[in-house]
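Secondary and tertiary structure notes
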Amino acid sequence: MVELPMSIIKNVEKEKIIVIARGIKEEDSLPIAEALVEGGIRFIEVTMNTEGALKIIDKWRNYFKHDDVFIGAGTVLNTEMASNAIQAGAQYIVTPNLDEEVVERACEHGIEIFPGVMTPTEIMKALKAGAKAVKLFPMESLGLNYLKEIRAPLSDVKMIATGGVNLSNIRNYFELGVIGVGIGSNIIDKAMIEQRNFTGLTELAKKYLEAING
């Protein structure tokens, strides 16, 4: 088994926000990514149920190859998706569920994976399969109290909260000990994209980073 590099997780701890692009058009993918990076975002993932996702991953990786930007694949549901995403250049993989075979496939390739988990049992199974961090999902439904309760016995587990993170509550998640948050439509504003208002995306990204740093 390939030894997993820690640089991805260390960078998540440093950058704190992973932006999730779902359902975007391929022709908009580069302006969106440019706008996010201009706003200070360094982790961007495209979900695999987005049309042309593999092309978008390849395009982003090539465009940002000289930059400190990390490109991932989200909504990876099986080992075939994982392999395709890795081949396209994904530097990390995110799943909505725990599939230990997918975790193991990513680990075999030396690619960091953040599997979606909800319960303490799932969290421990994910770590046993090789994950170094987990995605707590769906966070909006679980709520901050759930995060607080689950962090008590599992305080050493590196967790990324995804679902329902917004400008008013983002700091609460970090106060409860997560290493990062996943944010989708609250940053990938569809109205802004339709209006080609990519400067607006940049400003929105900046607001989220300011909200964390106070």
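Rules and cut-offs
- Residues numbered from 1 in each chain as written.
- Predicted model: local features only at pLDDT ≥ 70, side-chain atom pairs only at ≥ 80, totals over all residues.
- Heavy atoms only, no water.
- Core = buried A, V, L, I, M, F, W, Y, C linked by side-chain atoms within 4.5 Å.
- Buried < 20%, exposed > 50% of the residue type's maximum accessible area, 1.4 Å probe, protein only.
- Helix = DSSP H or I, 4+ residues; strand = E, 2+ residues; numbered from the N terminus.
- Contact = heavy atoms within 4.5 Å.
- Axes fitted to C-alpha atoms, helices over the stretch in contact; angles between N-to-C directions.
- Left-handed = near helix turned anticlockwise from the far one by under 90°.
- Nonpolar A, V, L, I, M, F, W, Y, C, P; charged D, E, K, R; others polar.
- Phe/Tyr/Trp six-rings, centres within 6.5 Å; stacked < 30°, edge-to-face > 60°.
- Lys NZ or Arg CZ within 6 Å of the ring centre and 35° of its normal.

Looking now at the nonpolar core. Ranked by size, the top nonpolar core spans 69 residues in total, and within it I17, W60, I170 and V181 carry the most contacts. Among the elements that take part in this core, helix 10 (residues 198-213) stands out by supplying eight residues, more than any other. Among residues more than four places away in sequence, those in contact with I17 are I41, F43, I170, V181, I183, I187, Y208, L209 and I212. Counting 12 residues, the second-largest nonpolar core is a separate cluster that includes I8, F43, Y92 and A133.

To continue, consider the packing of helix 2 (residues 26-38) against helix 10. Contact pair helix 2 / helix 10: the axes reach a minimum separation of 7 Å and the direction vectors enclose 35°. Relative to helix 10, the crossing made by helix 2 is right-handed. Residues P31, I32, A35, L36 and E38 of helix 2 pack against F198, L201, T202, A205 and K206 of helix 10. Its residues assigned to classes, the contact of helix 2 with helix 10 shows seven nonpolar, one polar and two charged.

What follows deals with the packing of aromatic side chains. Scanning the model with the defined rule gives four aromatic pairs in all. An angle of 20° between the planes, with centres 4.7 Å apart, marks the rings of F43 and F70 as stacked. Remark: F70 occurs in strand 3 (residues 70-74) and F43 occurs in strand 2 (residues 43-47); sequence separation between them is 27 residues. Residue classification places F43 among the buried positions, given a relative accessible area of 0%. Aromatic pair Y63 and F64: ring centres 5.0 Å apart, planes at 85°, arrangement edge-to-face. Here a set of aromatic residues connected by ring pairs shows up, and it is made of F43, F70, Y92 and F114. Lying across the ring of F137, K135 places its NZ or CZ 4.6 Å from the centre.

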